[in-house]
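# Observations on chain architecture
The residues making up each chain are set out below.
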Amino acid sequence: MTKALFPGSFDPFTKGHDSIVKRGLKFFDEIVIGIGINSTKKYYFTTEERIEMISELYKDFSGVSVIGFQGLTVDFCREINAHFLLRGLRNGADFEYEKNIAFTNEMLALDIQTVFLLTEQKYAAISSTILREILNNKGDISEFVPEGMKFPK
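Everything in this summary refers to the structure shown in the same document.

### Some details on the sheet that holds strand 1 (residues 3–8)
Taken in spatial order, the 5 strands of this open sheet run 3-2-1-4-5, and their pairing is parallel. Each edge of the open sheet is held by one strand with a lone partner, namely strand 3 (64–69) and strand 5 (113–118). For this sheet, the mean inter-axis angle between neighbouring strands, taken without regard to orientation, is 30°. Where strand 2 (residues 30–36) meets strand 3, 6 bridges bridge the pair, whose relative direction is parallel. By the bridge assignment, isoleucine 35 is partnered in strand 3 with glycine 68.

### A short note on the environment of alanine 124
Relative to the helices and strands, alanine 124 is located in the loop between strand 5 and helix 5 (128–136). Taking relative accessible area as the criterion, alanine 124 reaches 25% and is therefore assigned partly exposed. Spatially, the C-alpha atoms of alanine 124 and leucine 89 are 8.3 Å apart, while their sequence positions differ by 35 residues. Beyond its immediate stretch of four places on either side in the chain, alanine 124 contacts Arg90 and Thr119.

### Describing unusual backbone geometry
A cis geometry characterises the amide bond from aspartate 11 onward to proline 12, with omega recorded as 0°. Phi is positive for phenylalanine 10, which is not a glycine, with a value near 50°. Relative to the assigned elements, phenylalanine 10 resides in the loop between strand 1 and helix 1 (15–24). On the accessibility criterion, phenylalanine 10 (4% relative accessible area) is buried. Its identity as a non-glycine residue notwithstanding, asparagine 81 has a phi of 60°, on the positive side. With respect to the helices and strands, asparagine 81 occurs in the loop between helix 3 (73–80) and strand 4 (84–89). Classification of asparagine 81 by relative accessible area gives exposed; the value is 52%.

### Some remarks on the pairing of strand 4
Pairing between strand 1 and strand 4: 2 bridges, direction parallel. Across the sheet, residue leucine 5 finds its bridge partner in strand 4, namely leucine 85. Handedness of the strand 4-helix 4 (residues 92–108)-strand 5 crossover: right-handed.

### Details of the pattern of salt bridges
With the rule as written, the count across this model stands at 10 salt bridges. Notably, a salt bridge pairs aspartate 111 with arginine 78, separated by 3.4 Å at the nearest N-O pair. You can see aspartate 111 sitting in the loop between helix 4 and strand 5 and its partner arginine 78 sitting in helix 3, a full 33 residues away along the chain. Among the ionic pairs, glutamate 98 bridges to arginine 87, the shortest N-O distance being 2.7 Å. Taken together, the positions of glutamate 98 in helix 4 and arginine 87 in strand 4 put the pair 11 residues apart, joining distant regions of the chain. Owing to a relative accessible area of 18%, arginine 87 belongs among the buried residues under this scheme.

Conventions and cut-offs
- Residues numbered from 1 in each chain as written.
- Predicted model: local features only at pLDDT ≥ 70, side-chain atom pairs only at ≥ 80, totals over all residues.
- Heavy atoms only, no water.
- Pairing = 2+ DSSP bridges.
- Helix = DSSP H or I, 4+ residues; strand = E, 2+ residues; numbered from the N terminus.
- Axes fitted to C-alpha atoms, helices over the stretch in contact; angles between N-to-C directions.
- Buried < 20%, exposed > 50% of the residue type's maximum accessible area, 1.4 Å probe, protein only.
- Contact = heavy atoms within 4.5 Å.
- Right-handed = clockwise from strand over helix to strand, strands pointing away.
- Salt bridge = Lys/Arg side-chain N within 4 Å of Asp/Glu carboxyl O.

Structure follows, in structure tokens:
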């Protein structure tokens, strides 16, 4: 059984993220969506809210689970027995950034491989950072998040 960790802050979870998970299920038996907790980062939604929102979205998918974690991503991979990291790439800048993280992770853990999937072109402009800005200004982000995404009241 192949298991991959799809790590990120997912604040909020976008249609691009959803696409990576669903397409990743063609390659992996199980995908753990790992919500990294970074004490220095300011989030729009709490970790618990993000876990609840994303878990609800995948409640009917037997191969997808959602867990919050702290610490090194490769350590969490070992904890959950995942040998792959799944990452989405929107553009060349993402590739350069993610490539360096992948190389560093490889130096920390030779047994964990990073797999990149290109984001579908129609989602390439969507970023959580932009969506947080829209939310902070009382805008509607429903066009950019998966259908059925339920936000906390």
